[in-house]
Every structure is written in structure tokens, then in C-alpha cells.
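The residues making up each chain are set out below.
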Amino acid sequence: MKPTPRFLAVLLVGVFLPLAAGLPAGFGQVTPPEEYLGFKPGADFHLMSYEEAIGYFEELAGQTDRMIVRDMGETSMGRRMKYAVISSEENMAQLDRYKDINKRLSLVSGLGDREARRLAEQGRTIVWIDGGLHASECAPAQLLPQLAYDLVTDDDRRTRLIRENVIALIVFANPDGMTIISDWYMENVGTPYETSGPPWLYHKYAGHDNNRDSFMSNLIETQNMNRATSLEWYPEILYNQHQTAPFPARIWMPPDAEPTNPNVHPLLIRWRNLIGSAMGKAFEEAEQPGAISRTSFDSWYPGYCTQVVDSHNCVSILTETALYSYATPRFYPLSEFSQNHQDLVPGVFYPSPWRGGWWRIGDAVAYNSTACKSILEVAAKFRYEMLYDKYKMARDTIERFKKEPPYGFDRAVTDQRGGHIYCRRRLHPQRRDISRRLVYHSHQSASRIVCQERDGETGLS
Ligand SMILES: [Zn+2]
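Definitions and limits used
Residues numbered from 1 in each chain as written. Predicted model: local features only at pLDDT ≥ 70, side-chain atom pairs only at ≥ 80, totals over all residues. Helix = DSSP H or I, 4+ residues; strand = E, 2+ residues; numbered from the N terminus. Buried ≥ 20, exposed ≤ 12 C-beta atoms within 10 Å, placed from the backbone. Contact = placed C-beta atoms within 7 Å. Pairing = 2+ DSSP bridges. Axes fitted to C-alpha atoms, helices over the stretch in contact; angles between N-to-C directions. Expected span 1.5 Å × (residues − 1). Core = buried A, V, L, I, M, F, W, Y, C linked by C-beta atoms within 7 Å. Left-handed = near helix turned anticlockwise from the far one by under 90°. Nonpolar A, V, L, I, M, F, W, Y, C, P; charged D, E, K, R; others polar. pLDDT = per-residue confidence, 0-100.

### Examining the overall build of the protein chain
Within the protein chain, the secondary structure is distributed over 14 helices and 15 strands. Going through the 461 residues of the protein chain one by one, you find that 40% of them count as buried. Sequence-distant contacts, at least 24 apart, represent 72% of the contacts inside the protein chain between residues at least 6 apart.

### A short note on the sheet that holds strand β8 (residues 315-321)
Spatially, 8 strands are ordered β1-β2-β4-β3-β5-β8-β6-β7 in an open sheet, and the strand pairing comes out mixed. Of all strands in the sheet, those bounded by a partner on one side alone are β1 (67-74) and β7 (291-292). Pairing geometry for strand β3 (residues 125-131) and strand β4 (residues 166-172), over 7 bridges, is parallel. In the sheet register, Val127 faces β4, and the bridge partner there is Ala168. With respect to the sheet, helix α11 (residues 266-285) is in contact with β7 and β8, its orientation differing from that of β8 by roughly 40°. The strands touched by helix α13 (residues 361-381) within the sheet are β3, β4, β5 (237-242), β6 (251-252) and β8, with β3 carrying the most contacts at an inclination of about 165°.

### Focus on helix α9 (residues 175-188)
Counted at 1.5 Å a residue, the expected span for α9 with its 14 residues is 20 Å, and the 20 Å between its end C-alpha atoms agrees. Judged by how many residues are buried, α9 sits mostly within the fold: 10 of 14 residues are covered. Along α9, the residues classified as buried are Pro175, Asp176, Gly177, Met178, Thr179, Ile180, Ile181, Ser182, Trp184 and Tyr185. On its buried side, α9 packs onto α3 (50-61), β2 (80-86), α7 (139-153) and β4.

### Examining the pairing of β5
Of all the 6 residues making up β5, 6 are buried; the element is thus mostly covered by neighbouring parts of the structure. Bridge count between β3 and β5: 4 bridges; the pairing is parallel. Bridge assignment links Ile129 to a residue of β5, and that residue is Tyr239. As paired elements, β5 and β8 share 6 bridges and run parallel to each other. The residue bridging Asn240 from the neighbouring strand is Leu318, located in β8.

### A look at the environment of Thr229
Following the sequence through the fold, Thr229 ends up in helix α10 (residues 220-233). Residue Thr229 is classed as buried on the basis of its 25 C-beta neighbours within 10 Å. Leaving out residues up to four positions away in the same chain, Thr229 has contacts with Trp128, Pro235, Leu238, Val309 and Cys314.

### Some points on the nonpolar core
With 104 residues, the main nonpolar core has Val127, Ala148, Ala168, Leu169, Ile170, Ile237 and Ile375 as its most contacted residues. The greatest single-element share of this core, amounting to 11 residues, is contributed by α13. Contacts of Ile170, omitting those with residues within four sequence positions, involve Tyr83, Ala84, Ile86, Ile129, Leu144, Leu147 and Ala148.

### Some points on the packing of helix α6 (residues 113-122) against helix α14 (residues 383-403)
Between α6 and α14, the least distance of the axes is 8 Å, while the angle of their chain directions is 145°. Note that α6 runs across α14; the crossing there is right-handed. Together, Ala116, Arg117, Ala120 and Glu121 of α6 and Tyr384, Leu387, Tyr388 and Tyr391 of α14 make up the contact between the two elements. Residue composition of the contact of α6 with α14, by class: 6 nonpolar, no polar and 2 charged.

### Comments concerning the environment of Ile129
In this structure, Ile129 sits in strand β3. Note: C-alpha distance between Ile129 and Ala84 (45 residues apart in sequence) is 10.0 Å. Not counting residues up to four positions away in its chain, the partners in contact with Ile129 are Ala168, Leu169, Ile170, Val171, Tyr239 and Cys372.

### Focus: unusual backbone geometry
Note: most residues except glycine have negative phi, and most peptide bonds are trans. Following Phe247, the chain continues to Pro248 via a peptide bond in cis, the omega torsion being 5°. Structurally, Pro248 is set in the loop between β5 and β6. In the segment running from Glu258 into Pro259, the intervening peptide bond is cis, with an omega of 0°. If you trace the backbone, Pro259 turns up in the loop between β6 and α11. Look at Phe45: it is not a glycine, yet its phi comes out positive at around 65°. Note on placement: Phe45 falls in the loop between α2 (33-37) and α3. Phe45 sits in the partly exposed class, given 16 other C-beta atoms within 10 Å. Of note, Asn313 is a non-glycine position whose phi angle comes to about 60°, a positive value. Checked against the element boundaries, Asn313 lands in the loop between α12 (305-310) and β8.

### Quick look at the confidence of the model for the protein chain
Low-confidence regions, as indicated by low pLDDT, have predicted coordinates that should not be scrutinised in detail. Per-residue confidence for the protein chain gives a mean pLDDT of 87; residues scoring 70 or more make up 82%. This stretch, residues 1-22, has a pLDDT under 50; its non-local contacts, to residues over four places away or in other chains, come to 8 contacts.

### Considerations on the packing of α11 against α14
Taken N-terminus to C-terminus, the directions of α11 and α14 make an angle of 150°; their axes are 9 Å apart at the nearest point. Each of Leu267, Leu268 and Trp271 in α11 lies in contact with α14, whose residues at this interface are Asp389, Lys392 and Met393.

### Topic: the environment of Pro333
Here Pro333 is to be found in the loop between β9 (330-332) and β10 (357-359). On the basis of neighbour count, Pro333 is assigned to the exposed category, with 8 C-beta atoms found within 10 Å. Along the sequence, Pro333 and Trp358 sit 25 residues apart, while their C-alpha atoms lie 8.6 Å from each other.

See below:
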């Protein structure tokens, strides 16, 4: 039978209308972000505040069993630091079980190889994705509501695979800063100050140095995130997104530049290379040119949030997407490229050079979306391997540093004033040659007191 145009129209409406209206099989109404916000995340001249983003998260979580919103603590300016947990309905019903599996694999203690393999079979890969740590680098945080919506509602093969195998944690890393920048920009759009910086810091105390606080946890946002990553969820992957791409590249991703940290397990570096390479492939598949690796950014400095979790055998991924200024578009002619980039010669780690043209926040959001989904896909496909290797890296590292220096580690202890004492403890009592200088930090008083170790005890001075 030859289908009539009317029959085809009914068929097409029947198939596509539910998806267009955000109604995948088995769902009631699910609100797309543009309907809640009044604009599509990544639209020119628009930035949502943290309150708008979290308001949308909470609305979305109320419409599905695939997502919940959790609270990891307060921010420096008194907001609640909330984040989304997304997975399949079946996984969401057993979150505590999956957290416990990850914790046991990560801490190793009392776990033999056979039991570790059994747990790796049963577990789910936990992936942390954050945006907005550096609040003026807007695109990653603006993406997160759209990413949450896509992960909850998309019904393609890849998204189903991700939901079945991965528990995604979607985190706004600097809630105060997100609103500070959004308020400033939206107030100045269309004025001569549209691309200017606000006259105050986008983190109350640390400004842009909030990332450099990760190893010492001075800021309560850092404490919240370190607690969530290293004491609660024990993710296999942490993805921390920024926007300082080496021009004219549109995004920088791993593999990193040299040097690397010799104290990190080599498997972790291989996983980072694998995830970065998969991301590069995803950019070519999505016809998003200008993705570059093996230049500019190394993983040597141990203080960033990425390198801090490396030390916990969590594979960290950094990307640096191109940014002009907030949500203002800009046109880049080829003549603005440096001489050595104007020939557009492809390279092994830059196979599709960017040719110039318009660059919008929507482009950066789209690149970050490709990156996030590629990471989640790798985490889904290599679920067992990632979980087992988390155990293997921890086990090997503990064994290694029984025989090699350094012989001590810094441990945070909460004191009676609510601050933290960073105690350098010896791993081996017979070793006396470790540093005896300790540093006391209190986020409440911002005081800094040098401590002295006395016969294994800690005292303030
Ligand atoms: Zn940054």
C-alpha cells in the first residue's frame, strides 16, 4: 500500500512529537531548559545565574526517577552547594550499594584480588563533571542544565548505555561566582562595559586562585568538593572544565604536555590519554574542528582539583575550551592567527585546525557537551576495567611507598575551633627524616599558624 500524505503526517507526529516535547517513553512532562529559563543554554548575550540553574535541576529531578539533587554544604557567601546525581532508575534505587563498592575498591583495605574483581563486576562507574570553578569561564556551567536534561531524556543507544553503567555527578563548582558573573554581565550587556570584568572577585576570598586551593582545602567550597570526591563518592573520573584554550585551538584536552607527576600510577596516565583520545575522536565525529592535545598544560603541579584526585587514583580530565568574553560572540579572521598557524597544517595532536570565523558561547557549550558525553561513554564501555584498575592503582601505590620515599602524608584533622590541622604523619615510625613544619589553616578566621611537631604530637605555635 502506498502511504497517503495524511497517513505519513499522522505517523510522523506520533513518532516525533513525544521527543520534541521532551516526552521519552515512560515519562510524563519533562521541562526542557529553554522552557524553564526562557532561553537555550548557550544563547548569545544570555547567562543564567546559579539560582536559575539549580531551580531547573530541582524541577527536572521532580519529573523523573533518573535524577536527584543533593546538597554538599554551604558556600562562602551562604548559598547551598547543590549537585545532581543521574543514572538509570535501577541504579538510582541502589546508590548506597554502588557508593560502598567504590569506597571498598578505592581504599583497598582488607580486599583481595578475587573480591576486587567480583566487586568491579557488580559496580557502576562514578563520574564527576563540574563546571564554573573559574566563574568567568562561563560555558561549562551554562551547559550543565542541558547536559542533565539530555542524560535524563535522550533515548539513543549511547545515552542508554551511559545510564545503565554510569552514575553521573553534575556539580556547580563555584555557585557564588556563577551568580556574581551572571548578574554583572546581564546588567552590562549592550553597554560599553559588556565585556569588562566585575570590580570584585568571583570567589569571595580566593578569586581565580580557588583551584589552587584544592590541596589545602582553605575554602569551604574546596572542603565540600574534596569531601564529596574523596570521602563519599570515590569517583573513577573527575572532569574539571575551563576556558583558556591555546589560540587558535578551540579546545585543549589530554594527553597532557610533559612533565608528568612521577608519584602517580602510570595506569592513571594511560587512562587519561585514552579518555582524551576518545574525546578527540568524538570532536571529529561531531565535525567540531580545532581540538588540540600534547601542548600547553601539564599535570605536574599537584595543587589543582584535578591533580589532588589523581593522588586518590581518580582519573582527572582537564579541558580548556576557547572563550572570547562571557556570552558575547566574536569573529576571528585568519589574519589574526600567528604566522605559524596561518598555514593550517594538520598535526598528529591537532588533526583538524580551526580555520577562523565566528566563535560564540553556544559553540563552547556544544564542544563541552561533546566532551562530557564522550567521557561518560568511555566510562560506560570500560566500566569493569575502570573499577578494577581503581583498586589495582591503590594497591600498587600503597605497596610502592612502603619501599620508596616520600614516607609521610598530610592529614586533615578538625580541631575544636572548626579549623583544620594539616598533620604530616609518618607512614613508618622508624623514619625520622620528614618535614617537621606543619601548617594550620582555619577557613573561619583565615588565620595561618605554623605548628611544630613534638615527639609525634602536634602542637600549635
Ligand atoms: Zn580556568
